[in-house]
Amino acid sequence: MAGEPGYAEALRSMWAIWVDAGSKDEYFLDFGAVAFRRALEAAGVPDERIYFELFPAGHGAIEYRYPLALAWLARRLARQPIRDG
């Protein structure tokens, strides 16, 4: 989908995109995360708007990751100007 012009434009317009997965994911979502990261790059999403990490864990018991994601996203969004709809 990221290769479709409309979706690529929507991705480029985002201020922050968090992509992570456990490197031992039982459902192989780590492969999907890598593929999505590459698709973001191909779509022209600036690197500074993307956080990407493969961390040493499986699919479950990763709640400790949520505060990391929320903190990064909050910092990124706080720096952006408010746009009128």
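Look a little higher up for the structure.
An account of the accompanying structure is given in this report. (Residues numbered from 1 in each chain as written. Predicted model: local features only at pLDDT ≥ 70, side-chain atom pairs only at ≥ 80, totals over all residues. Heavy atoms only, no water.)

### Quick notes on the overall build of the protein chain
So the rule is basically this: Numbered from the N terminus, helices here are DSSP runs of H or I no shorter than four residues, and strands are runs of E no shorter than two. When accessible area is computed with a 1.4 Å probe and restricted to protein chains, residues below 20% of their type maximum are described as buried, those above 50% as exposed, and intermediate ones as partly exposed. Working definition of accessibility: Shrake-Rupley area with a 1.4 Å probe, residue cover restricted to the visible protein chains. In this tally, Asp and Glu contribute negative charge and Lys and Arg positive charge; neither His nor the terminal groups of the chain are included. Positions of charges follow a simple convention, taking NZ of Lys, CZ of Arg, CG of Asp or CD of Glu.
Helices and strands together make up the secondary structure of the protein chain, namely three helices and two strands. Based on the C-alpha atoms only, the size of the protein chain along its principal axes is roughly 40 × 30 × 20 Å. Split into buried and exposed, the 85 residues of the protein chain put 29% on the buried side. Summed over its atoms, the accessible surface of the protein chain is roughly 5900 Å², and 60% of this surface lies on carbon and sulfur atoms. Here the protein chain carries 10 positive and 12 negative side-chain charges, and the mean point of each set is 6 Å from the other.

### A short note on helix α2 (residues 29-43)
The condition is simple: One less than the number of residues in a helix, times 1.5 Å, gives the span that helix is expected to have. Of all possible arcs, the one meant is that of the directions from the helix axis to the C-beta atoms. Two residues qualify as a contact provided that any one of their heavy atoms is within 4.5 Å of a heavy atom in the partner residue.
With 15 residues, α2 ought to run about 21 Å at 1.5 Å a step, and its terminal C-alpha atoms sit 20 Å apart, in line with that. What α2 keeps buried is the set D30, A33, R37, L40 and A43. Buried residues along α2 cover an arc of 145 degrees about the axis, so they all sit on one side. Turned more than 90 degrees from where α2 packs its buried face, F31, R38 and A42 sit exposed. As for α2, its buried residues are in contact with α1 (5-13), β1 (17-22) and β2 (50-55). Where α2 terminates, the next one or two residues include G44, which has phi positive at roughly 90 degrees.

### With respect to the environment of G32
With respect to the element layout, G32 can be found in helix α2. The class of G32 is partly exposed, set by a relative accessible area of 38%. Between the C-alpha atoms of G32 and D20, which are twelve residues apart in sequence, the distance is 9.8 Å.

### Here we look at the packing of aromatic side chains
Stated precisely, the cut-off is as follows: For this analysis, a ring pair means two rings from Phe, Tyr or Trp (six-membered ring only for Trp) whose centres lie within 6.5 Å, classed as stacked if their planes differ by under 30 degrees, edge-to-face if by over 60, and tilted for the remaining angles. A ring is considered to have a charge above it if a Lys NZ or an Arg CZ atom is located within 6 Å of its centre and within 35 degrees of its normal.
The final tally for this structure, using the stated rule, is four aromatic pairs. Each ring, one from Y51 and one from W72, has its centre 5.7 Å from the other, and the planes form 55 degrees; the classification is tilted. Of this pair, Y51 sits in strand β2 while W72 sits in helix α3 (residues 66-78); the two residues are 21 residues apart in sequence, bridging distant segments of the chain. The class of Y51 is partly exposed, set by a relative accessible area of 25%. Among the aromatic residues, those joined into a cluster by ring pairs are W18, Y51 and W72. One cation-aromatic arrangement involves R65 over F55; the distance from NZ or CZ to the ring centre is 4.1 Å.

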